[in-house]
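# Topology and contacts: notes
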Amino acid sequence: MTSSLRVDKQTCDLSSEIGITMLDLIRELFPIGRSITGPGLRATIQCLSKIVPLQITEVPSGTQVFDWTVPDEWSIDEAFIENERGQRIVDLRDSSLHVVAYSVPIDAEMTLSELKPHLHSLPAHPDWIPFRNSYYARNWGFCVTDRLLQSLPEGRYRVVIRSSLAPGSLTLAEYVHRGASDEEVVIFAHDCHPSLANDNLSGLAVAINLAAYLRAQETRYTYRFVFAPATIGSITWLATNESTLHRIKHGLVLSLLGNRGPLRYKITRSGDLTIDRAAWHVLRTEFASSKRLEFSPWGYDERQFASPGINLPVGALMRSQSGEYPEYHTSADNLTLLSPEELGQSWLACLKIFEVLEGNVRYRNLQPKGEPQLGRRGLYQQIGGYFAEVPHRKLALLWILNQSDGACSLLDIAERSQLPFSVIVNAAAELEQAGLLAPVC
Amino acid sequence: MTSSLRVDKQTCDLSSEIGITMLDLIRELFPIGRSITGPGLRATIQCLSKIVPLQITEVPSGTQVFDWTVPDEWSIDEAFIENERGQRIVDLRDSSLHVVAYSVPIDAEMTLSELKPHLHSLPAHPDWIPFRNSYYARNWGFCVTDRLLQSLPEGRYRVVIRSSLAPGSLTLAEYVHRGASDEEVVIFAHDCHPSLANDNLSGLAVAINLAAYLRAQETRYTYRFVFAPATIGSITWLATNESTLHRIKHGLVLSLLGNRGPLRYKITRSGDLTIDRAAWHVLRTEFASSKRLEFSPWGYDERQFASPGINLPVGALMRSQSGEYPEYHTSADNLTLLSPEELGQSWLACLKIFEVLEGNVRYRNLQPKGEPQLGRRGLYQQIGGYFAEVPHRKLALLWILNQSDGACSLLDIAERSQLPFSVIVNAAAELEQAGLLAPVC
Amino acid sequence: MTSSLRVDKQTCDLSSEIGITMLDLIRELFPIGRSITGPGLRATIQCLSKIVPLQITEVPSGTQVFDWTVPDEWSIDEAFIENERGQRIVDLRDSSLHVVAYSVPIDAEMTLSELKPHLHSLPAHPDWIPFRNSYYARNWGFCVTDRLLQSLPEGRYRVVIRSSLAPGSLTLAEYVHRGASDEEVVIFAHDCHPSLANDNLSGLAVAINLAAYLRAQETRYTYRFVFAPATIGSITWLATNESTLHRIKHGLVLSLLGNRGPLRYKITRSGDLTIDRAAWHVLRTEFASSKRLEFSPWGYDERQFASPGINLPVGALMRSQSGEYPEYHTSADNLTLLSPEELGQSWLACLKIFEVLEGNVRYRNLQPKGEPQLGRRGLYQQIGGYFAEVPHRKLALLWILNQSDGACSLLDIAERSQLPFSVIVNAAAELEQAGLLAPVC
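Now for a quick tour of the structure. Along each chain, residue indices are assigned from 1 in the same order as the chain's sequence is written. Labels are handed out in written order, letters beginning with A for the chains and numbers beginning with 1 for the ligands. Local features in this predicted model are restricted to residues of pLDDT 70 or higher, and side-chain atom pairs are both shown and tallied only at a pLDDT of 80 or more, whereas totals for entire chains, interfaces and linings draw on every residue. Values shown for side chains rest on all heavy atoms present in the structure; no hydrogens or waters enter the calculation.

### Here's the deal with the interface of chain C and chain A
The interface of chain C with chain A comprises 29 residues on the first partner and 28 residues on the second. Summed over both partners, buried area is the accessible surface (1.4 Å probe) that two parts give up on being assembled. Across the interface of chain C and chain A, roughly 2,500 Å² is buried in total on both sides, 53% from carbon and sulfur atoms. Together, C:Asp67, C:Pro297 and C:Trp298 form the three largest contributors to the area buried by chain C at its contact with chain A, with a combined 28%. What counts as a salt bridge is simple: a side-chain nitrogen of Lys or Arg found within 4 Å of a carboxyl oxygen of Asp or Glu. In this structure, the connection of chain C to chain A is made through 5 salt bridges. What makes two residues a contact is simply this: any of their non-hydrogen atoms within 4.5 Å.

The following block contains the structure:
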């Protein structure tokens, strides 16, 4: 029953090193032109598979997934705009953001005023390229800096998009770490965004490195890591796995985890589930300035997990909320936004949340009348009288003995005492070894 | 089931106009010498009847009403104090506040020291006349400015009060707007105070204009407007209508609604009823600086509705609490204290509260697994990617879909999302029309 | 059922006088060298017995008490350190703190470096002597000022401790004030600390004077005052009285009650029991700057009452928390730390808490429909109209009538109205006398 997963000092120290590894991975993934289907998505999964082997599922275009239909597969070879002098003023090769995702093919000449409705820019940030898509309405367009847009002279332009939009499939990828129980913890990260670093290469990097770490561990729960496009991907995964969703007991959506700023946990639709309590306990006791965000049906794929017909216990961990930082969905969401320290800390926070989920058992105090005499069991100093600073470990011993009536879990005790869970779980092990505590089955 | 009551922009715009109408009405009612019984009370009701026809009930003096007895009817023709030179230094014709309400008749000469115990003034506000009454102890008295009182020379004074205190009746008035259901919303305003503007001509004006507005509307609930004297009047109304009080599902006591300052809602004895939630939701989301007041058994007629043997779901809406503004119960509570904007806004707030009561139904999401694809139903923009500012309407669509599991009402959703109820109710209508939502019977 | 215990103005005035008496008692007790067993403990109980007669129980060494064993009895006749010139540089006669409690006998010569591991001092407070003990590990030691320790020259020292550690007994003392019911309120104060004033001669002084005051009163509850050593004493008392612990309905541990600073109430393990509500209601409404402390399994003997196998409704009243004031467990916790005002106020607060426990009954309003007419019963002024300042007594009448549906207790009403309990209990008596209220059996 009890897990061997303990996030000790060694693992904490490891997190800085892992942060650097993650940044390297992100650097490799960044140039790939991903979308919700197609070769860029597959190349991304290929790259992640080098870290842990992923199971890949291709869901054919046209498959009905709840209220949606898996769209045609989109691929793009070339896209540019040429001016009258034959100069390529916009070229997909410069940035995967330059073409509106799911643009239909075109090869045509037109005037500036015909072209302009198809050009997207950000006047407030004249040097940034926005990210735009048109997944479900057939259209085409280019995303450019506002500085370029404003400088375009009247005249004729040649517009070329060599894309294909045809039946194919949507690619899902999973890694399953088997635990002692069939009950699952699901970790979801979306993998459909083009050259954007924080959103969501950071989430992919954290998730795949959690998978890699767990590989060497024995756990109580089975951990399922799902990599899928946002919205249509999570809906497709939920629809094609509906019969086994009941195994999911806890879950986290991971996104936007590499930028500077405190960790934020967004609660589930219910808000008071074990994952909510575990995540917030870890953040408030161990990660300074963390924030607990209220639930809202806006954000990333936690929305799908939270829909009333699915209603799974899945929260979301992030450092920024989508749409809340200016670089969001622009070319400025690049590698300069990320820090290895933050990536490593995000990874560590997840592990510490897993540690709580794994170690959250209930005990019974076997000497419940008065405090047991800890001194003669070597759990207490022998010269008494100076109590000014009571160490965490000693307080943890007393809290566990006081609360362990068989109904309180270690997470209950950690919350009430406001001591880090890792201190509580280690103190419980000491008391169990001393014969003062027995687990409640 | 569903109400047609929608407080749209047109109604909001109307509120300023109605504010001016209300101030005119108050100007007309102000000089009338009202009391808890008698001709002034009847004249007031007559005047209100010109706006909507009121049902009048006369309850005879001596009728036992719970722990009380309907008192004798009081009327007054003339009252003055003359000095030795025959000058009228105090005269009822100058202010209906000059005589202590329910003063017994007197025609006598006396010294200043005999007179003084019968004179009431406000030393802290030397130019204001206080309002005093002696409804249940036979007595007489005059209310005067402290400046006059301090200036009175020794000498003899003639005191004349030509009043009558004899069996008659206490006058109750009602307007009932029939809705689809027999279930009632009760609106109560006290109508017994003499020339005081905010307390409670403002309440009368708001109530009668709500009645006039509802006349042209189809509603789910029946709305019962009750005009009665404070305390003895509400007790008399409750006692004489005891057998039908069970129809009351929600209610508001209206008073002190014309002065400047934020709206305040005083919760019911229970504090968590639908009326409490509806009123506070409207105030906090739509009326800046509003306050939610705790329940207390002090104030106006909400006290009677809240007595343990009655215990009806009736809150109180006001801008000031009784006794909390210096002009309260003095001649300074006059027309200069009132503003048409505030009157109109008070009226609008009541309507918006009614809108919540009317529209607070439960729906079931008919596509509950994942989010439904709003784009193909024309409920969502087609070019995605820029989410920085999500409009209220779109958030409302997502909140309703997420929460509509058949147990959550629209008010629950409005509270959780902190979106104005009107946005929620309109978004629910759009979703119902798109076939995504069905009402729960 | 109803108690006659009323804390009126006379009792409040008495508290300053009692404060002075308490300080005199503490002055008498201060020099006695107390420990968890032995002659000093017995002398202390002897001294308290002069105020109210105490029942004394001697529990033999070796008795098994839950997880503990009653230790051998310790006594000490003489203890000193002499330098090479035969000068006594440390002498027990100067302070009972100089010897580590439960030091084994020794008469030996040694070098400074052999001696030093047995010397305890406080470098941060070079002129204070710490209090140390070694109850359960056989050892010996001296507590000295750091100034002395630092000044000791190299050389040989003679160390003499003439103590005895042999089978004997641990002394418990009780005073029981019989009330109408067998249900008990337990008051616990620890009595084992040597020459420390606030900890816990202040607790002993308050407790014994509460016992003396209650002697002349008729009460509903039986009050049991227990004087015992900390930890081993409370465990011994609980173990030897286990069969009658079920009678305890409320309780307080009293300690650290004489120093300056606001009163603090530490809640029980449950936190929402009647004793928690009564104590905090009294403190917040009547003792400025009071604090409500969360439960923690650290502190004094409330820890034993709160152990899961005992789990009694016992809170703790104090002015400082153990370990939180710098003088704690040092020679600076002496008489200069105490003030008679604070001692008197602590005593008064306990009485007021008892008043709530005694008077916390439920009533039913006999005229529950609307407000009863208080005026004709002489409970209300007869000239109405000026409500600016509603006196506490009038509000109390209205709150009691409004809330007394048979389910609300007077403490419920006091909490909701935020009026002092004494105002509520007196207003309830007026209403009962007027025939408007009947107690619920």
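### Looking at the packing of helix H1 (residues 9-29) of chain B against helix H2 (residues 39-49) of chain B
Residue and element names in this part refer to chain B. With axes taken as lines fitted to C-alpha atoms, and helix axes fitted only over the stretch in contact, angles between N-to-C directions fall between 0 and 180 degrees. To qualify as a helix, a DSSP run of H or I must reach at least 4 residues; to qualify as a strand, a run of E must reach at least 2; elements of each kind are numbered from the N terminus. Interhelical geometry of H1 versus H2 gives an angle of 155° and a closest axis separation of 10 Å. Classified by the interaxial angle, the pair formed by H1 and H2 is roughly antiparallel. Both H1 and H2 take part in a crossing whose hand is right-handed. Residues Leu25, Glu28 and Leu29 of H1 form the contact with H2, whose own contacting residues are Thr44, Cys47 and Leu48. For classification purposes, an angle smaller than 35 degrees is called roughly parallel, one larger than 145 roughly antiparallel, one from 65 to 115 roughly perpendicular, and anything else oblique. For a crossing to be left-handed, the near helix must be turned anticlockwise from the far one by less than a right angle; the clockwise case is right-handed.

### Some points on the interface of chain B and chain A
Of the residues lining the interface, 28 residues belong to chain B; the matching set on chain A comes to 29 residues. Buried area between chain B and chain A, summed over both chains or domains, comes out near 2,600 Å², and the portion from carbon and sulfur atoms is 53%. Considering only the surface of chain B that becomes buried against chain A, B:Lys369, B:Glu371 and B:Asn402 emerge as the three largest contributors, covering 26% of it. On the surface where chain B and chain A come into contact, there are 5 salt bridges. Residue A:Arg303 is joined to B:Glu371 by a salt bridge in which the shortest nitrogen-to-oxygen separation is 2.6 Å. Nitrogen and oxygen atoms within 3.5 Å of one another constitute a polar contact, given that in protein one can donate a hydrogen and the other can accept it, and given that sequence-neighbouring residues count only through two side-chain atoms. Taken together, chain B and chain A are joined by 13 residue pairs in polar contact (both at pLDDT 80 or more). Of all the elements, helix H10 (residues 392-403) of chain B adds the most residues to the side of chain B that touches chain A, at 7 residues.

### Here we look at the relation of the copies chain C and chain A
All copies are superposed by least squares; the fitting set is the C-alpha atoms of residues with a pLDDT of at least 70 in both. Expressed as a screw operation, the relation of chain C to chain A combines 0.1 Å of axial shift with a rotation of 120°, fitting to an RMSD of 0.1 Å. Taken together, these values place the two copies in the relation of a three-fold axis. Within chain C, the C-alpha atom positioned nearest to the axis of rotation is that of C:Asp272, 12 Å from it.

### Thoughts on the sheet that holds strand E14 (residues 264-266) of chain B
Residues and elements named next belong to chain B. A strand pair is defined by DSSP finding two or more bridges across the two strands. Strand order in this open sheet of 8 strands is E1-E10-E12-E11-E13-E16-E14-E15, and the pairing throughout is mixed. The sheet is open, and its two edges are formed by strand E1 (55-60) and strand E15 (291-293), each paired on a single side. Along the sheet, successive strands turn relative to each other by an average axial angle of 25°, direction set aside. Inspection of the sheet shows E14 paired to E15 by 3 bridges, in the parallel sense. If you follow Tyr265 over to E15, its bridge partner there is Arg292. On top of the sheet, helix H6 (residues 232-240) reaches E1, strand E10 (169-177), strand E11 (184-190), strand E12 (222-228) and strand E13 (248-254); it is set at about 65° to E10, its chief contact. Lying on the sheet, helix H7 (residues 274-286) is in contact with E13, E14, E15 and strand E16 (314-318); it crosses E14 at an angle near 170°.

### A few points about the side chain of C:Thr330
Residue and element names in this part refer to chain C. One can find Thr330 in the loop between strand E16 (314-318) and helix H9 (340-359). By relative accessible area, which is 3% here, Thr330 ends up buried. Dropping the residues within four chain positions of it, Thr330 is found in contact with Leu97, Leu122, Trp128, Ile129, Pro130, Phe131 and Leu196. Here's how the labels work: a residue is buried when its accessible area is under 20% of the maximum for its type, exposed when over 50%, partly exposed in between, all with a 1.4 Å probe on protein chains only.

### A short note on the sheet that holds strand E9 (residues 156-166) of chain A
Residues and elements named next belong to chain A. Taking strand neighbours across the sheet as the criterion, the 4 strands line up as E5-E4-E9-E6 in an open arrangement whose pairing is antiparallel. Edge positions in the sheet fall to strand E5 (88-91) and strand E6 (106-111), since each of these pairs with one other strand and no more. Here the strands of the sheet are splayed against their neighbours by 20° on average, with no regard to which way each runs.

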